[in-house]
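Residue strings, one per chain:
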Amino acid sequence: MSARLADAAASTSRPLLSIRGLSKVFDNGTTALAHVDLDLATGEFVSLLGPSGCGKSTLLRLISGLVRPSSGTVAWPGEVSEPELGFIFQEPTLLPWATTLVNVVLPLKLAGVNRRDAEDRAARMLALVGLSGFERSYPRELSGGMKMRVSIARGLVTRPKILLMDEPFAALDEITRHKLNDDLLRLWWEERFTAVFVTHSVFESVYLSGRIVVMAARPGRVVADLDNPAPYPRDDLFRTSADYAHLCRVASGALKEAIAA
Amino acid sequence: MSRLPLAGGNALLDDAADGTDAAARPAMATERRVLGLRAGAWPGILAPVVVGFLGLALWQALVVIKGIPPYVLPGPWLVAQTVVSDWSTLSGSLLVTLEITLAALVAAVVVGVALAILFAQSRWMERALFPYAVVLQVTPVVAIAPLIIIWADDVNLSLLICAWIVAFFPILSNTILGLNSADHNLVALFQLYRAGRWQTMRYLRLPAALPYFLGGLKISGGLALIGAVVAEFVAGTGGSASGLAYRILESGFQLRIPRMFAALFLISASGVAIFLVTSWISHLLLRRWHESAMRRET
Ligand SMILES: Nc1ncnc2c1ncn2[C@@H]1O[C@H](COP(=O)(O)OP(=O)(O)OP(=O)(O)O)[C@@H](O)[C@H]1O
Ligand SMILES: [Mg+2]
């Protein structure tokens, strides 16, 4: 057994993140989330799966602190203060006037890391996502998948405890998406961050995560919490296995119920 | 305990890193050049020059064939001769006008950008002050120039103020628009990384505003010149300043029409030069990243 799973088992008693009775009502009266309870363990890979408009993005923004809850709490029981977060948006969201390297350096620069160190770390991170040699390219000189990888490198360069991803690969073709899924899993395995991955693809959620939280809309709420026991590492073999097909059917069924509910 | 190897994932990644991406690594592009310029740039330069020459030839022909006297309409050749023969007088005036124009433009940039940054810091500041910037903008400078000339002791200073009033608004309003047009997700990202106000300004808002500011600068360059000339017209020959507008007025009184045209030509040429310089600056600053400055690949 790997150290990782033992870690996860040990930390179930004290979650990294604890969400209690979380609701969000926007100024225009829309109830985006109603009464969400959710615990995240350190090192988990969790997918938030649900139909459009069920409040996945809103939940992610609440976790990140970008949006204030209307009621309920987002707490980090094991932490002294809010831990460092990484956030990856659906779009690459890069600075168009800055090179790839400068884009990845940005979080370190904002944190006051000195320039030499920051550039070293950023270059290593770029190599990790398979982009060495492109340090001096501008975003518009990169393909969609490459831009997304820059964005992942930027999200991970501060070595955050928790990485929040909002449908990061939704706009990419299937081949690129599979490749980035593999890259992401490998990085997660090596860097040992806690991953929260928003998606509306059943297949992606089953392939990536150890746990799938299914959400329903109007009002946005959690309707199912599925465990995905398939062991890591996962690769193309897993993608074509009977286990995978079975898990997809289960998740798909839960999602259908969520949409019908 | 050891971690499990991740053979499948690694092989996939390495494959792509060495195959598709490395092969696409950027190489220096070589382009055909003619006389130091991109071959494709020449038609854009030659076309207006040819049109200009045709126009001048037509004008000259009209003057010669119809026998129009020079005090009604001098031909372009005579105007060119006058620029050369009266250069000692005209160059001094040109210098005065250019000095006022450039000083006004610099002041417009400093005040416009500073105010825009101030407004970006505080919505209340913007609400309280912006209407007065608009008032300044919509009041015709000819109408307030006499007042300003009375209030400021120095004629040059009053001309400068007039030119500044005309020039500063496009820079202010464009920069405000630019500072507010930073991508909202990027703003959220900066917030997430707990960036300070000044960091967000420096690394996000100011660069995002640059294309808008440069658009404003192009407009303001021409307006500063117009402001300087118009204000000098209003100040009239009573002023001690002797810019190009003063030369035009003077030539009018003395019926030295070719010199009037020569001064007019210098004003237009200055305007074109200012436009070219600001366009060039804008191109240099934006060419690597902004859509407006990129050539589309075909
Ligand atoms: N800023 C806002 N103001 C008002 N309503 C909002 C705002 N943001 C989101 N909403 C509403 O909240 C609900 C949930 O939105 P959210 O963006 O979280 O959905 P989502 O699950 O991320 O959907 P998608 O999969 O389409 O991205 C929607 O009904 C939406 O209209
Ligand atoms: Mg969303």
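All values derive from a computational prediction rather than experimental measurement.

Enquirer: How would you sum up the overall build of chain A? Please name residues and give values.
Expert: When helices and strands are tallied, chain A shows nine helices and nine strands. At 18 Å, chain A has a C-alpha radius of gyration in line with the 18 Å of a compact globule built from 261 residues. Across the 261 residues that make up chain A, the buried fraction comes to 56%. Contacts in chain A between residues at least 24 apart in sequence constitute 71% of all its contacts with a sequence separation of at least 6. Looking at chain A as shown, the accessible area adds up to about 11000 Å², and 53% of this sits on carbon and sulfur atoms. Counting 30 positive and 29 negative side-chain charges, chain A places the averaged centre of each group 3 Å from the other.

Enquirer: Break down the side chain of B:Glu126 for me, with residues and values.
Expert: Structurally, B:Glu126 is set in helix 5 (residues 123–138). Other than its neighbours up to four places away in sequence, B:Glu126 contacts B:Phe119, B:Pro131 and B:Ile176.

Enquirer: Explain the sheet that holds strand 4 (residues 71–75) of chain A residue by residue, including any values.
Expert: Residue and element names in this part refer to chain A. Ordered by their spatial adjacency, three strands build an open sheet running 2-1-4, and the pairing between neighbours is antiparallel. Both edges of this open sheet fall to strand 2 (31–40) and strand 4, since each of them pairs with a single strand only. The sheet shows a mean angle of 15° between the axes of neighbouring strands, taken without regard to direction. Two strands pair when backbone bridges link them, and strand 1 (residues 17–25) and strand 2 are joined in this way by six bridges, in the antiparallel orientation. Counted as the bridge partner of Leu 17 is Leu 40 from strand 2. Sheet strands touched by helix 2 (residues 56–64): strand 1, strand 2 and strand 4. Its angle to strand 1, the strand with the most contacts, is close to 120°.

Criteria and cut-off values
Residues numbered from 1 in each chain as written. Chains lettered and ligands numbered in written order. Predicted model: local features only at pLDDT ≥ 70, side-chain atom pairs only at ≥ 80, totals over all residues. Heavy atoms only, no water. Helix = DSSP H or I, 4+ residues; strand = E, 2+ residues; numbered from the N terminus. Rg over C-alpha atoms; globule rule 2.2 N^0.38 Å. Buried < 20%, exposed > 50% of the residue type's maximum accessible area, 1.4 Å probe, protein only. Contact = heavy atoms within 4.5 Å. Areas by Shrake-Rupley, 256 points an atom, 1.4 Å probe, with all protein chains shown as cover. Lys, Arg positive; Asp, Glu negative; His and termini not counted. Charge placed at Lys NZ, Arg CZ, Asp CG, Glu CD. Pairing = 2+ DSSP bridges. Axes fitted to C-alpha atoms, helices over the stretch in contact; angles between N-to-C directions.

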